[in-house]
Structures are given as structure tokens and as C-alpha cells.
Amino acid sequence: MKKSKLKIGVLVALLCFCSSFAGAEDLGTGMYAPTPFHVTVSVRGGFDDNVSTTAFDPVESWFVNASIALHYDFNSPRTQLVLGAGAGITSYFEDIPGQDDFDKNIYISLALNHKASARLILSLVAYATYQSQPDFTLALGINRRSGNYFYTLDKFTATYLWTPRFSTATSYTLGAIRYAEGSVGFFEDRIENTFGNEFRFLVQPTTTLVAEYRFQFVTYSNIDRDSTAHYFLAGLDHSFSPRFNVSLRGGYEIRDYDNNGTLNSPYFEGTLNYAVAKQTSLSWTTRYGTEASDVELNQSRKTFRTGLLARHNFTPRFSGALAVYYQHDAYDGIDTPFFFSSGFDEDSIDFAASLRYALTRSLSVEVGYNHTEVTSDDVFREYSRNRYWSGLNFSF
């Protein structure tokens, strides 16, 4: 009882702290002042009906969350830089057996483009996070709570224009994941290094044909699941209009495991961005291929994932967002003279919706709902989860 009263007191204090800014200078929920910096402070409270993400004795709990986010935007004739960073903590009123009763979330993101010369463009897209909850937007394949983890995905690209129609884009991508919980990290901690080269040919001002080769090697920290992969892809980038563009790649993947043979698979990925109007935007991503497994007895899986993000401004003050992510995993079994594990299928869907109303240019109120559903041939991995929340955002 004392613990619950303490956390309720924390929530009230945070709400009062955020509300105290309402009388500050009216700069806006957007970046109305002539500055490249934008800071948002948020306080939320809500209810989670399955904090432990399990079908057996799920823990229900009220929670309180406080976070801060920073956005920085820099532009010059040769360089564009977008930097984002944030930190937050979520505290649950109930104890969660075997897990912390609070979540940490720290992240930093960077997008940099630099025109080194008339022919050479250098770009870097980087993201790193330390958090507790599964995040379907990261396309990691993690669909349940497994303790705190660090994840980073960083891609460096050098694009060179050889002729007015022909160019190449050479890239290196680093991906890494580390779990704080040793029993989970023993099977999952790994580093993925991917080298790629695109050959791009402009056939029309709005259409570019692409042939691509990628080489990837995956190294696990503790167990012998290392592999190398070759990707042979073709596709196109096309702009239907300044507001509507698509990017498609498809081909074949050949993956060799150090101690368990070769696994071949078709591979496909695609993105679509469409600004339907000034008030509405849509973003869609999809991918199919072989991925590293998050199950200790199954070394790989064939995964199809797709996600849709939509935003709409109903009025200048009232806006909404909708996100839907679906993932199908076919885990491969292992049958060797020394070890056997059966394969199984699993489906995950994550749905999130939110509404925001601007009380002033600096202060807004927001409500939201999240639902996650996992169905699996392994009944011990199934669960359903609902989260309801509301809160205040202060921007300056």
C-alpha cells in the first residue's frame, strides 16, 4: 500500500510539474520559434493488462511514465543533419515476478547527408536504444518482454555519380543486440555486419533501376550460430509524384551456417511513402527473408513482416496517428546426429492508435491505446496484451 501511494504521489508531482509550464512563452507544439532545437516533455499514466507478456498468470498494473525528447535540424547548401535523442522511465504499481517493476528507454538517432563533391554524396543513418519493451517498429523480431536490451543499427553509404544516368551506392551496415539478462543474452547476443553495393541506372527522371549485391556475416557472442549470407537483388525506385514514391528490392539469399549447412530463401523488401494531402501521410514497409532466431533451440526463421503508419490532422489543433505491424515467423527445426528440435510457426500483430489535442501552442493532451496479440504453435509463447494511456505534452 505504501508503494502504491508513493507512485501515485510521483504521478501527481509529474503532472503538476508539466502543467506548471503552461504559462510559459507560447512557442507551440511545433517549432514556431526560429531555432533548430525542439524539446518535448511528456507525462503519461495508464493501465497495462499483461505487463509480463505471458498467457499464464499475467500481471495487470497501472503505470506512470515521464520522458523528454530533443530534436535538432541543421541545413546548409552541402550538409543536412537531423539529430534526435530521448529518455524516459515507466514505473508500474504492481510487482512483476522475475522482472523489474519499471522500464527504461533511452535512444539517439542521427541522419546525415553531405555533398563531398559534385559527384560524391556521403550519408549516415544511425540509431541506438536501451530499453525493456518489445518494439515492432525496429523489425527485430522481438515480440515479448525479455529484460533490458541494447540495440543499434547504423548504415554508412557513399553514392558516386559516374555518368548522368549511372551511379553506385556502396554501404556498410552494423547491427548489434545485447541483453542485460545473461540467460537471454547467452543465446541472443550478436553482431551483424553487412556490406552492399548498388548499381543504379536512371531510365526516366522518376525511375531508377537497381541491381544489388550484399554480403553479411553474423557473429554470436556465446554460442555457435555464426553464419554468412549472400544477397542477389534487383529492383527499382520510382516517384509517382513529389508526394508519392516507392522502393522495391527482390531476389535470393544464400546463408551458410558454420556448423549446420546452408539455408536458401527468396528475399523481398519494399517501402512506400505517400503524402495523401497536407493533412494526411502514409508510410508502409514490408520484408521477407531469413532472420536470426530469438528462440534458443531454433537457429533461424523465415520471417514475413509488414507495417503501416498513418497520420492525419483533423483540424489545426486535433490530430491522430495509427500504426499496425504484422509478423509471421516460420522457425526452422534442426535434425542432426547430435541434436534435434522441431520447427513451429508464430504470428504477431501490434496495433497502436493515439489522438492529440493542442490546448495551446505549447501544451497538448494525448490519449492512446496499444494492443499486441501473439499466436503460436508453442502455446507457452502465446499472449494477448492491452495498454490504455493518457497524458500531457509540453513543447518548446
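Our structure's up above, just so we're on the same page.
Rules behind the numbers
- Residues numbered from 1 in each chain as written.
- Predicted model: local features only at pLDDT ≥ 70, side-chain atom pairs only at ≥ 80, totals over all residues.
- Heavy atoms only, no water.
- Salt bridge = Lys/Arg side-chain N within 4 Å of Asp/Glu carboxyl O.
- Helix = DSSP H or I, 4+ residues; strand = E, 2+ residues; numbered from the N terminus.
- Buried < 20%, exposed > 50% of the residue type's maximum accessible area, 1.4 Å probe, protein only.
- Core = buried A, V, L, I, M, F, W, Y, C linked by side-chain atoms within 4.5 Å.
- Contact = heavy atoms within 4.5 Å.
- Phe/Tyr/Trp six-rings, centres within 6.5 Å; stacked < 30°, edge-to-face > 60°.
- Lys NZ or Arg CZ within 6 Å of the ring centre and 35° of its normal.
- Pairing = 2+ DSSP bridges.

### Comments concerning the pattern of salt bridges
Scanning the model with the defined rule gives 22 salt bridges in all. Put simply, Glu 269 and Arg 214 hold a salt bridge, and the shortest N to O gap is 2.8 Å. Of this pair, Glu 269 sits in strand 12 (residues 262–277) while Arg 214 sits in strand 9 (residues 207–220), and the two are 55 residues apart along the sequence. With relative accessibility at 14%, the residue Arg 214 sits in the buried group. One continuous salt-bridge network, built from bridges that share partners, spans Glu 198, Arg 200, Glu 212, Arg 214, Asp 237, Arg 249 and Glu 269.

### Things to note about the nonpolar core
Counting residues in hydrophobic clusters, the biggest one holds seven residues: Leu 138, Leu 140, Ile 142, Tyr 149, Tyr 151, Ile 177 and Tyr 179. Every residue in contact with Tyr 179, bar those within four places of it in the chain, is listed here: Ile 142, Ser 146, Asn 148, Tyr 149, Val 184, Gly 185, Glu 188 and Asp 189. Within the second largest apolar cluster, five residues are counted, among which are Val 51, Phe 63, Ile 96 and Trp 389.

### A word on the packing of aromatic side chains
Here the structure, examined in full by the defined rule, presents 21 aromatic pairs. Relative to Trp 162, the ring of Tyr 160 has its centre 4.7 Å away and its plane inclined at 70 degrees; by these criteria the two rings are edge-to-face. Here the aromatic residues Tyr 172, Phe 195, Phe 215 and Phe 217 are joined through ring pairs into a cluster of three or more. When the ring centre of Trp 389 is taken as origin, the NZ or CZ atom of Arg 44, which lies over that ring, is 4.0 Å away. A cation over an aromatic ring shows up here: Arg 387 above the ring of Phe 63, its NZ or CZ 4.6 Å from the ring centre.

### So, the pairing of strand 5 (residues 120–131)
With eleven bridges connecting them, strand 4 (residues 102–115) and strand 5 associate as antiparallel partners. Residue pairing for strand 5: His 114 is matched across the bridge by Leu 122. Hairpin connection of strand 4 to strand 5: four residues between the antiparallel strands. With twelve bridges connecting them, strand 5 and strand 6 (residues 149–161) associate as antiparallel partners. Each bridged residue has a counterpart across the sheet, and for Gln 131 the counterpart in strand 6 is Tyr 149.

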